[in-house]
Structures are given as structure tokens and as C-alpha cells.
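# Coordinates in review
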Amino acid sequence: MIDINAARLGTEAARRLRQADCCPIEPGLSDDEFDRIESEYGIQFSDDHRAFLAASLPVSSPPQDGATWDKPWPDWRNGNPDDLRSQLAWPTEGVLLEVEHGYWHTSWGTRPAEPKAAQAAAEVQLTAVPKLVPIYAHRFLPAGSGTHGHPVLSIWGTDIIYYGEDLAEYISAEFEEGYEHPETWNPRPNVPFWQDFVR
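Throughout what follows, the structure given in this document is the object of discussion. (Residues numbered from 1 in each chain as written. Predicted model: local features only at pLDDT ≥ 70, side-chain atom pairs only at ≥ 80, totals over all residues. Heavy atoms only, no water.)

In this section: the state of the cysteines. This structure, assessed with the given rule, holds zero disulfides. Free cysteine Cys22: the closest other cysteine sulfur is in Cys23, separated by 3.9 Å. Given the relative accessible area of 12%, Cys23 is considered buried. (Disulfide = S-S within 2.5 Å. Buried < 20%, exposed > 50% of the residue type's maximum accessible area, 1.4 Å probe, protein only.)

Written out as C-alpha cells, the structure is:
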């Protein structure tokens with residue numbers, strides 16, 4: 001059972017997306033579809049993300065010139081499984097790329113001197129960090145049934161910023177022309193490991 005506040009947040013995000021009229025929207029995911037997706041990809045949607053996708057499933061429009069992502073919206077219903085796995089792996093793959101260039105998280109202990117050993121050790125460490133689930137392109141929410149209200153993270157390697165105080169505010173920030181964060185905007189770090197990178 002989804003918390004009522006999480007349900008409100010997710011449905012409000014879906015309402016804002018429909019109002020922005022920025023992409024095709026299909027009927028939301030069913031409980032059976034959620035079960036299949038979470039089992040197949042080893043994730044659990046946060047409750048607000050789940051409510052958002054149950055209310056409406058945004059699907060990708062043709063890519064714009066110069067866009068990084070051909071299909072920025074994960075197509076959880078009909079998407080190519082390899083594409084979805086690639087999008088799910090984006091955050092950890094980005095950190096691993098930074099490890100190649102010398103990055104090392106302080107919680108991992110002493111960095112192995114040999115680059116391949118450092119890469120292997122980082123891969124092991126990254127299996128233990130909280131999973132993130134893509135919303136759109138490189139914008140993510142932490143996974144986790146029974147959770148909601150996390151700030152949305154924009155992730156590019158170890159360059160991570162908040163892109164929305166919560167899912168609904170993120171939709172406005174991403175898709176409403178001329179939108180500005182409110183004066184009270186103050187996202188709170190609340191996801192272990194990933195919050196260490198937020199600027």
C-alpha cells in the first residue's frame with residue numbers, strides 16, 4: 001500500500017507533465033507490470049515514482065539534434081531491455097569512469113596502486129551503494145518501496161546536482177518553460193553515498 005502523501009506527489013507530478021504537453025503519454029503501468037519490471041531489473045520504485053508511472057507512462061519523442069539520449073524516457077512497458085539496463089547502470093558506470101581518471105571515494109579505504117585493481121575494487125564497492133532509478137535521461141530518484149519525497153538527482157559521472165526538490169517540482173523544473181525554483185527551494189541530502197557528490 002502506497003503512502004497517501006507519496007500517491008499525491010506522484011499523481012501531481014503526472015498532472016504537471018500532462019499540463020506541460022512535452023511528450024506522448026500512454027496509460028500508466030499496472031501492478032502486474034510493476035511486478036515484472038521490478039523482478040526483471042532488480043529494482044523497487046520509490047512510492048512517488050510508482051504513483052507517477054501508474055498515473056501515466058511518458059514515452060520518448062524523436063530525439064532533438066545534439067541530444068545525449070535517443071530515448072530519454074525509460075520505456076518500462078515496451079523498451080529494449082539492454083537500453084533499460086544501460087540507463088539503470090548510468091550512475092555507477094559514471095563513477096567507474098571517474099575511477100579510471102583517479103577518483104576514489106574516501107569510504108573505500110586505500111586505493112589500490114594498480115589501475116585495474118582499483119577498478120575492480122570500485123566495482124565491488126558500487127554493488128553496495130543505493131540503487132537509483134531513471135526518471136528521464138540522467139535524472140534519477142533513489143529506489144526503494146516505502147520511500148518518497150527524495151530530491152531528484154542529475155548525474156553525470158561524479159558531477160551530481162539536485163534538479164528538483166521532489167518529483168513534482170522536478171517535472172516543473174525540467175518541462176515548464178520559464179520555471180524558476182521557489183525562494184524556499186532547499187533540497188535535503190538523503191541518499192547515502194550519492195549525496196556525497198552533490199554540489
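This part covers the sheet that holds strand β4 (residues 139-142). A sheet is described by the order of its strands in space; here four strands give the open sequence β3-β4-β5-β6, paired in antiparallel fashion. The open sheet has two free edges, formed respectively by β3 (132-136) and β6 (159-164), since each of these has just one partner strand. Averaged over all adjacent pairs, the angle separating strand axes in this sheet is 40°, with direction ignored. As paired elements, β3 and β4 share four bridges and run antiparallel to each other. Paired with Pro134 across the bridge in β4 is Phe140. Helix α4 (residues 81-100) contacts β3, β4 and β5 (152-156) of the sheet and is inclined by roughly 115° relative to β3. (Pairing = 2+ DSSP bridges. Helix = DSSP H or I, 4+ residues; strand = E, 2+ residues; numbered from the N terminus. Axes fitted to C-alpha atoms, helices over the stretch in contact; angles between N-to-C directions. Contact = heavy atoms within 4.5 Å.)

Here the focus is the side chain of Gln87. Note that Gln87 resides in helix α4. Residue Gln87 is classed as buried on the basis of its relative accessible area of 3%.

What follows covers helix α5 (residues 115-126). The terminal C-alpha atoms of α5, which comprises 12 residues, lie 16 Å apart, in line with the 16 Å expected from a rise of 1.5 Å per residue. Three or more residues of α5 are buried, namely Ala118, Gln119, Ala122 and Leu126. Projection of α5 onto a plane perpendicular to its axis shows the buried side chains occupying an angular sector of 100°, all on one side. In α5, the exposed residues that point more than 90 degrees away from the buried face are Lys116 and Val124. Taken together, the buried residues of α5 touch α4. The N-cap residue of α5 is Glu114: its side-chain oxygen and the backbone nitrogen of Lys116 are 3.0 Å apart. (Expected span 1.5 Å × (residues − 1). Arc of directions from axis to C-beta. Polar contact = N/O pair within 3.5 Å; in protein donor to acceptor, adjacent residues only side chain to side chain.)

This next bit is on the packing of aromatic side chains. Evaluation of the coordinates by the stated rule reveals 16 aromatic pairs. Ring geometry for Phe34 and Phe45: centres 5.5 Å apart, planes at 80°, overall edge-to-face. Of this pair, Phe34 sits in helix α2 (residues 31-41) while Phe45 is found in the loop between α2 and α3 (47-55), placing the two residues 11 residues apart along the sequence. There is no split in this pair, since Phe34 and Phe45 are both buried. Ring centres 6.3 Å apart and planes at 80° place the aromatic pair Tyr103 and Trp108 in the edge-to-face group. With a relative accessible area of 22%, Tyr103 lands in the partly exposed category. One aromatic cluster in this structure is built from Tyr103, Trp104, Trp108, Phe193, Trp194 and Phe197. (Phe/Tyr/Trp six-rings, centres within 6.5 Å; stacked < 30°, edge-to-face > 60°.)

Moving on, we get to helix α1 (residues 4-20). Quick reminder: α-helices carry 3.6 residues per turn. Residues three or four places apart thus point the same way. For α1, built from 17 residues, the straight-helix expectation of 24 Å at 1.5 Å per residue is met to within 8% by its first-to-last C-alpha distance of 24 Å. Listing the buried residues of α1 in full gives Ala6, Leu9, Gly10, Ala13, Ala14 and Leu17. The arc enclosing the buried residues of α1, seen along the axis, measures out at 130°, which places them on a common side. Away from its buried face by more than 90 degrees, α1 exposes Ile4, Arg8 and Gln19. Contacts from the buried residues of α1 go to β1 (25-26), α3, β2 (57-58) and α6 (167-175). The backbone nitrogen of Asn5 has a side-chain oxygen 2.7 Å away, supplied by the residue at the start of α1, namely Asp3. Where α1 ends, the next residue or the one after it, Asp21, has phi of about 50°, a positive value.

Purely geometric numbers; function is a separate question.
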